[in-house]
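# Structural overview for review
Take a look at the letters that make up each chain.
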Amino acid sequence: MITQSASKAWLAFSLIALLILLVSPVARAQEAPRYDVFGGFSYLRFDAKTIGYPDSTNLYGANVGATGYIKLNFGVAIDLSGNYGSEMSAYHFMVGPQYAFRRDKSKFYVQGLVGKAQNRVSIPQTTRSHFESVGLSFGGGGGFDYDWKPNISIRVFQADFFHSDTFGTSQNDVRVSTGIVYHFGHIGHRRRL
Amino acid sequence: MARSIAAVIGLWLLIGLSACTSGTHLAYVTLPGENAVGAYRIKNSSSAFTSIVGSPYLAGQSPAAIVVHPSNRFAYVANRIDNTISLFKIDQTIGSLSEVLPRTPTGLDPAAMTMNSDGTLLFVVNEVSNSISVYSVNPTSGALALEAGSPFATAPSPIAIALSPSAKYLYVLNGNLGSVFAYSVTSSGGLQSIAGSPFSVGTGPFGLTVDPNEKFVYVVNSSEDTVSILAITAIGALSQVSGSPFPTGTTPVSVATSTSGQYLYIGNEGSSNVTAYSIDSSTGFATLITGSPFATGSGPVFLFTDPDGTFLYLGSQTSNNITSFSIDPSTGILTDTAQTASTTGPPGGIFVSK
């Protein structure tokens, strides 16, 4: 079951995505980079209530990823992130399809992701220092990039929802990232409308 | 670009604002067969259980009684085969347990424990060595130190213990003699027998508790299916109230009061139900509550009222679980919440922290 906080974030994300599409310039890109490589800061709202915490937990860390475009708007994304808090860390190792909408300097994209989540809780015991669990994770989201230089974009935001099965229960997490995207290679051709 | 950045900031704020804290309690359940303690977070609104990561946590051999320090920083578990007490530190974020070794020695077979409301003294009855161990509690580390004169001798087979809320009187239930031994507690944790002690109850007494208003002591008599209600005198002595003992279901083995002291609940292991009484605060006379007895899962062996007085928790050693009933504050009527926490083995005791 999706948590209330995750649902709110998802609704906000959808509204923002719609807003961006509506206000974007009308020029349509017919050429695009073949590869995107991303690195940046990441925030994860971890569904810690499912493992006994009194509330969800804020974790901070890094998100890196790469997308290779098979067609102008369609590619395959690899997404890796690590988020950390005082007692807890959460890693996601994900892969999945990505669809991009390009308009002039803007790119909005949506993606589906599947992979593994590795969650660790550091609560020292007499015989061990932490508890760790690895499980299936799936979800998806999207984001918005804005071109800054010919080969560099600002990832204004990327927001993803993850459903992960760890510690014998399920977590519904929301992750938001921001950072820099480096482009190289090209696919398609440019045409002004 | 600026609009997009503003939208992103809005999204982050929304995520932050959506993080609302909901009230919860922590519950710890001893598992004698597993030599461990299970830990759960309980939602105050529904009594829904969530197992805490890493639970159950290892303790000594055959842990049974458990007490949580009023500060919620420490938990004490009596290990009946080890003849020790395990001290656990409670993680202040998640509520997990971490044992602090070495364990503290007790007498033989520490069967039951209780702590004063200040958290300065811990009392333990040792069923085989026929004694009461009294420990002072270090408020910083939680460490236990045996008080001078402790252990104090008592009659053979003490099986349960209860302290009056003011910590002036200690009551020890003796199963063999069918009686309650009463002690006054000195400021240093010393015990002095109260005049007239011991006080007779029914046959096969199994559990006792003290009224939160310090007016009555309740004892369930498992062999005769009754509950004895005894009034506490000004010096801590006991006398049966008019009408006592009152009937219960089959094989009553546990007893608890509501936090107000207005209602009395008795767990009947044989008939798998809870007998509920309303208590006259002046006379101690017990009147059955409408709907009593309330059916439970099979074989409830212990009861515990949560600190808010909202729920009654029951442990079953045949179903291996903890279940809960909501308490109607105006009538005392119980309603099954259908919330259940399965345990990895038969539960031995429970403590729900504040």
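Residues numbered from 1 in each chain as written. Chains lettered and ligands numbered in written order. Predicted model: local features only at pLDDT ≥ 70, side-chain atom pairs only at ≥ 80, totals over all residues.

## Section: the sheet that holds strand β32 (residues 334-342) of chain B
All names here are of chain B.
- Strand order in this open sheet of 4 strands is β29-β30-β31-β32, and the pairing throughout is antiparallel. The open sheet is flanked by β29 (300-305) and β32, the only strands paired with a single partner. In this sheet, neighbouring strand axes are inclined to one another by 25 degrees on average, regardless of whether the strands run parallel or antiparallel.
- Here strand β30 (residues 311-316) runs beside strand β31 (residues 321-327); their pairing, made up of 6 bridges, is antiparallel. Bridging from a neighbouring strand, F311 pairs with S326 of β31. (Pairing = 2+ DSSP bridges. Helix = DSSP H or I, 4+ residues; strand = E, 2+ residues; numbered from the N terminus. Axes fitted to C-alpha atoms, helices over the stretch in contact; angles between N-to-C directions.)

## Re the confidence of the model for chain A
- Across chain A, pLDDT averages 87, with 83% of residues at or above 70.
- Ranking the elements of chain A by mean pLDDT puts helix α1 (residues 4-23) of chain A last, at 50, and strand β2 (residues 35-46) of chain A first, at 98. (pLDDT = per-residue confidence, 0-100.)

## Some details on the sheet that holds strand β6 (residues 74-79) of chain B
All names here are of chain B.
- Spatially, 4 strands are ordered β5-β6-β7-β8 in an open sheet, and the strand pairing comes out antiparallel. Two strands in the sheet have a free side with no partner beyond their single neighbour: β5 (63-68) and β8 (97-105). Mean inter-strand twist for the sheet, computed between neighbouring axes without regard to direction, equals 25 degrees.

## Section: the pairing of β29(B)
Residue and element names in this part refer to chain B.
- The buried count for β29 comes to 6 of 6 residues, which makes it a mostly enclosed element.
- The pairing of β29 with β30 spans 5 bridges and is classified as antiparallel. In the strand pairing of β30, F304 is matched with Y313.
- A loop of 5 residues connects β29 with β30, the two strands running antiparallel in sequence, and G309 in this loop sits at a positive phi of about 75 degrees. (Buried ≥ 20, exposed ≤ 12 C-beta atoms within 10 Å, placed from the backbone.)

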